[in-house]
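Each chain, letter by letter, is given below.
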Amino acid sequence: MQLTVLRADDSITHVAILGRLDIEGVNHIADRFVFTTTTPRKATLVDLSEVTFIASLGMGMLVGAAKSLQRHGTKMVLVAPTDLVQHALVAAGIDHVIPIAASEEDALEMLR
Amino acid sequence: MHQEIRLKLQNDLRELARVNQLASDFLARESLPEETVYATHLALEEILSNVIRHGYTEAGRHEISVRLRLEAGEVDLVVEDDGREFDPLSAPAVDLDVPLEQRRVGGLGIHLLRKMASEIRYRRVDGRNHLRVRIRPAE
């Protein structure tokens, strides 16, 4: 389970998660993910293209961070999940509260 | 004709990685659709993590049984535990239409289980929860 910061500047925080967002994976990265994404209070892209599995705890981690960002007037976009991960996100209605973009370009457009 | 594996694990979240690996190896024997494999892993994760995190009020060791069976392309999963009585079918539905600020961070596990399973049955027998979940490939 890995969390990589791809970009962190005055306008955008862009991170990528790699691996399984099951209970073990969430326990491994949750504190760092929440700190990295919510402390700057910037629009945040979360690349999920290398996430092979997500369970409810992983979705809860994303929702918690998105709620924190929203309280500070900014938002999160999920980027490029695999079909299986996207299916699970949609089944849980995550797409109702956090936008999902097919690409980084689309995600940046959503943030404009 | 069916194939099955039976596993036992302790009420310890570190056991989930071992169960996940054994389930992966077992499911790989059949050419199941990847959606079915994913749904099975999700069901295992949600059920077992729920039992281990919420099923026991004291810190003692408990044994949880898992039976995973493949029959005619369908997955039949049975989990038995001696935790407190809990029927996931009785849990209230999650409201997916509330805005982000009202959205709960937790509580999605049972919702996901219901969405991924084609059938869920629950019984309480002799102080044990018996949860049976069938996962059928999407048509």
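First, a word on what this report is: a plain description of the structure on this page. (Residues numbered from 1 in each chain as written. Chains lettered and ligands numbered in written order. Predicted model: local features only at pLDDT ≥ 70, side-chain atom pairs only at ≥ 80, totals over all residues.)

Right, let's talk about the pairing of strand 1 (residues 2–8) of chain A for a bit. Residues and elements named next belong to chain A. Of all seven residues in strand 1, zero are buried, a share of ten percent or less. Pairing of strand 1 with strand 2 (residues 12–21) involves six bridges; the strand directions are antiparallel. For alanine 8, the partnering residue across the bridge sits in strand 2 and is threonine 13. (Buried ≥ 20, exposed ≤ 12 C-beta atoms within 10 Å, placed from the backbone. Helix = DSSP H or I, 4+ residues; strand = E, 2+ residues; numbered from the N terminus. Pairing = 2+ DSSP bridges.)

Even without being a glycine, alanine 80 of chain A presents a positive backbone phi close to 55 degrees. Tracing the sequence through the fold places alanine 80 of chain A in the loop between strand 4 (76–79) and helix 3 (83–91). Its identity is not glycine, yet alanine 72 of chain B carries a phi of approximately 50 degrees, on the positive side. Counting through the fold element by element, alanine 72 of chain B comes out in the loop between strand 2 (63–71) and strand 3 (74–81).

One face of the sheet, then the other: side chains in a regular strand alternate in exactly this way. Residue and element names in this part refer to chain B. Side chains Val75, Leu77, Val79 and Asp81 of strand 3 all project onto a buried face; the interleaved residues Glu74, Asp76, Val78 and Glu80 project onto a face where none is buried. Pairing geometry for strand 2 and strand 3, over seven bridges, is antiparallel. Note on strand 3: the bridge partner recorded for leucine 70 is valine 75. Following strand 2, the chain reverses through two residues before pairing antiparallel with strand 3; alanine 72 in that reversal takes a positive phi of roughly 50 degrees. In terms of strand pairing, strand 3 meets strand 5 (residues 128–135) through seven bridges, oriented antiparallel.

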